[in-house]
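# Architecture at a glance
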Amino acid sequence: MSESDFVALGGFVALFALMALRVPIGIAMGLVGVGGFGAIVGWKPALAQLASSPIRTITDYNLSLIPFFILMGVLATNSGMSRELFRSGHAWLKPFRGGLALSTITACAGFAAICGSSVATAATMTKIALPEMRRFGYPDNVATGVVAAGGTLGILIPPSVVLAVYGYITETDVGQLFIAGVVPGLLAVLMYMLTVRIAYGRVLPGGEKFDLREALVSMKKVWAVGLLFVSIIGVIYLGIATPTEAAAVGALLTGIIGVARGRLGRREIIASCTEALRTSVSIYTILIGAMLFGYFLAITQTPQKITAFLVGLDMGAYGTLAIILVFFLVMGCILDAMAMIILLVPIVFPVISQLGFDPIWFGIIIVMTVELGLITPPVGMNVFVINTIARDVSLPTIFGGVLPFVITDVVRLILLILFPAIVMMLPMTMK
Amino acid sequence: MLAALTVVIVASAIGRYGFSTPIPDAFDYSRLLIGAAITWGLASVGFRGSHIKVDLFALMMPPRARRWVDVFAWCVLLFFTVLLCWKMFGRVETTMMNGEGTSDLRMPVWPVMLLIWSGVAAAILTTTAKIVLMAMGYGSLEEHESIDDAAEGASHE
Amino acid sequence: AEVEWRLSHWLPATHPIQPQGIEPWAESIKEASGGRINITIFPAQQLGAAPDHYDMARDGIADVTYVNPGYQAGRFPIASLIEIPFQVTNATDGAAAMHEWYAQYAEKEMPDVKVCMMNPHDPGAFHSKTPIHVPADVSGMNVRPANATIARFVSLLGGSSVQVSAPEAREALSKGVADAMTFPWNSVYLFGIDQILHQHLDMPFYASLQTLLISKASYEALPDDLKTVIDDHCTPEWSKTFSTGWADWEAAGRQKMIDSPDHTLYEPTDDEIALWREAAAPLLDSWKKDVTAKGYDADAIYQSYMDTLEKYGVKY
Ligand code: NA
Ligand code: NA
């Protein structure tokens, strides 16, 4: 090992120590980055990185879609769109056994189509779907498990903040990434519904009588969600506007619909903007830290060395891919989904390119992997959020309820690895 | 104020999209203003304590130990913010001296740069305030908002 | 090695400038120094953003940086003369001429660094959906400009400029947001724009300006014999050698278009060239104003550039 390898290793140790002591992840990365760069190159240049790099990150036009997509999700939540999705889904699905659980999944998918985040999707659906399911005697573990799993659709079905950041880091087309998420997202909905049927079919209440009139009337309220999704994804797919512009338009449209329906007043709009900004800030903080940490890694040539090492193992492309995915699953036990993408993708992406995997396809695969981290113990953000809202349901109960969906997720991941065409068929038509 | 900025930026982006002739410098100004919104938001998040962080270990500690871990963590944040504020000011200064301008109309960039910088300066104050409050036993760090329970925070469902 | 230098640039490692310009140059330095100077290349903004590369050399983040001074509009007014259209015919002897000319002012305008080489790309052309023959044809068009100077030129001609990055340009053109762009020849193929723009104005329209800079502190720290090695690699001849690979690569794109039935190249007549020059005159005036404002003798600097281009036989 050379001297710079030792500094790099020390850097990682310091990074994890600081993170364990609750230092914000971005700040830990930034400090270790500057410190490591200083130790190898010198303090004046290291501090000079602080002068230029953070300002470049926060004023980067390509990242400005983040605040807009987040704002759109917050506004959609505050205008009650999630409740309408759930009601409409139920009106259509109620003849089936476990109809409320099925409509929770469709409502999660519908909400995911206008919201860029998984945790937000899980949080809002918990408040709406959980009380209903309990009222009709659904067991706690099933009710919370469905919401936790359904919530993960938030970052797979476009728009997705996590996919957008992945695209930025790897210089992959964000529009194509979003489009690539559509089919795997629909597949996820289908497989989740099958899971409800197979794993919990026996314990759930039977269907009710279908009322076509009620079902049709319920559609009157959800057209807005459809309109938003079609306008955003259509605009991106047809190449009429950049993802950033689509995000801004989406946020504005959501706000207008909310105001027109009397759901958003001045107070709600201001609160939504403030919350969206705060959330964006915590993402930008990680991005700032990741850039500074990245310069340190570049100077120690760590990514190149890891690439050489992994490729040198000679396990074949899929063997190496498996190692990377398992590594992400393990890290998912302690790290946030966004933090994992920002911290770890720059390190493994060169390996992936060298092995000849498609960057769009890998984006979907890796997002599905970090998504799994949201519902696996000990740290599963979605599970935590549900637990915060439904205090009387214990964490083990929720983790237990979500287990069948974890198994489905793994099966889906394997399917997408075996049949990349499921991911690639839509984006291929864009070129 | 943060809210107003966000709305202004949304509006400017809409304007850019709505008219086939781009508004001159909208590109430069919208990205610079987002930068300013972010640093001012940094001040807000520094006070709330809702940065993305690993809460797992801290939550396993007894309350007293956790309080001092939190104070330590926020001292590290303060240290970083002070360094950033100091170095960034140099950047604002060179922008001013070199007369860097926007790409279309060559309007000076430094006033917006100063606005961005002042957000970082405000973050020093809010982070310090948070440390003092926590050390005296008032308040703690919030469990972090992942991509967002923002939704939850603002929700009135 | 005794001296380990970091060279930072912002293009992908596969861009012709790395294998055909930077690598042979670094190799030659290694050889001439008997292996005492080793230069490690960091491509693709690994050490910092493209517009920060001047400051990165100044601050010692890298020892050698590849800089486009045009990325910081207004900061290097003298150097920006090179961006004004219709001045230079090629990028190889042109590079040597620019080197010789700018060496007179480098110390003043870029005091923190040693300007080692000038590296313009092969003069870019005007590519469009409908034919452009004279300046009036640009009126009402949406153009993706190569740099801020071309953007101002486009608005002088009554067109409007569309600010998108080079990779986004194809999309902007195909969806009709833009109708034309200025670009070097082979880059048109590289970005797939040959399938959208079939009309080409065949004249050396504009030059872009890239430079290779060496941190002054790093240079001063060298022993005298190694300073000589570096000096020998920062000459007008090296500027020419350094620029040749990329220039030839771009020029090959022009030949490819001439040979292709899908593309129409139009060579303007002398009268039309005169119209273009006349249209560009206000750019030179505002350049003179900017440079005078900074306390330089604009006319003398301009005259010197013209004389040097003449001397190398590359004046357009
Ligand atoms: Na989504
Ligand atoms: Na987990």
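Residues numbered from 1 in each chain as written. Chains lettered and ligands numbered in written order. Predicted model: local features only at pLDDT ≥ 70, side-chain atom pairs only at ≥ 80, totals over all residues. Heavy atoms only, no water.

### Thoughts on the coordination of the sodium ion (ligand 1)
Residues and elements named next belong to chain A. Distances from the sodium ion (ligand 1) to its protein donors, namely A112 (O), C115 (O), G154 (O), I157 (O) and P159 (O), fall within the range 2.2 to 2.4 Å. All donors of the sodium ion (ligand 1) come from a single chain, and their spacing in sequence reads A-x2-C-x38-G-x2-I-x1-P. Remark: P159 occurs in the loop between helix 8 (140-151) and helix 9 (161-170) and C115 occurs in the loop between helix 6 (99-112) and helix 7 (118-135); sequence separation between them is 44 residues. A single burial state applies to C115 and to P159, both of which are buried. (Donors = N, O, S within 2.8 Å, 3.2 Å for Na, K, Ca; no water. Helix = DSSP H or I, 4+ residues; strand = E, 2+ residues; numbered from the N terminus. Buried < 20%, exposed > 50% of the residue type's maximum accessible area, 1.4 Å probe, protein only.)

### Re the interface of chain B and chain C
Taken together, the contacts link 11 residues of chain B with 13 residues of chain C. Both faces considered, chain B and chain C share a buried interface measuring about 1000 Å² in area, 41% of it formed by carbon and sulfur atoms. At the junction of chain B with chain C, the criterion picks out zero salt bridges. Where chain B meets chain C, there are zero residue pairs in polar contact (both at pLDDT 80 or more). For the side of chain B that touches chain C, the residue count by class is one nonpolar, six polar and four charged. (Contact = heavy atoms within 4.5 Å. Buried area = accessible area lost by both parts, 1.4 Å probe. Salt bridge = Lys/Arg side-chain N within 4 Å of Asp/Glu carboxyl O. Polar contact = N/O pair within 3.5 Å; in protein donor to acceptor, adjacent residues only side chain to side chain. Nonpolar A, V, L, I, M, F, W, Y, C, P; charged D, E, K, R; others polar.)

### Topic: the state of the cysteines
Residues and elements named next belong to chain C. Overall, the coordinates contain one disulfide over all chains when judged by the stated rule. Disulfide partner of C116: C234, at an S-S distance of 2.2 Å. Residues C116 and C234 are joined through a disulfide that is left-handed, its torsion about the S-S bond being -90°. With C116 in strand 4 (residues 113-118) and C234 in the loop between helix 8 (224-232) and helix 9 (236-259), the pair connects residues that are 118 residues apart, well separated along the chain. Grouping residues by exposure puts C116 and C234 together as buried. (Disulfide = S-S within 2.5 Å.)

### Regarding the UniProt feature "transmembrane region" (unreviewed entry) in chain B
Residues annotated by UniProt as "transmembrane region" (unreviewed entry) correspond here to residues 29-47, 68-89 and 109-133 of chain B. Regarding residues 68-89 of chain B, the helix share stands at 100% and the strand share at 0%, and the terminal C-alpha atoms are separated by 31 Å. (UniProt positions renumbered as here; feature names shortened; annotations may be inferred.)

### Regarding helix 4 (residues 65-78) of chain A
Residues and elements named next belong to chain A. Given a rise of 1.5 Å per residue, 14 residues ought to cover 20 Å, and the 20 Å separating the end C-alpha atoms of helix 4 matches this to within 8%. Most of helix 4 is tucked away: 14 of the 14 residues are buried. The first or second residue beyond helix 4 is G80, which carries a positive phi of 75°. (Expected span 1.5 Å × (residues − 1).)

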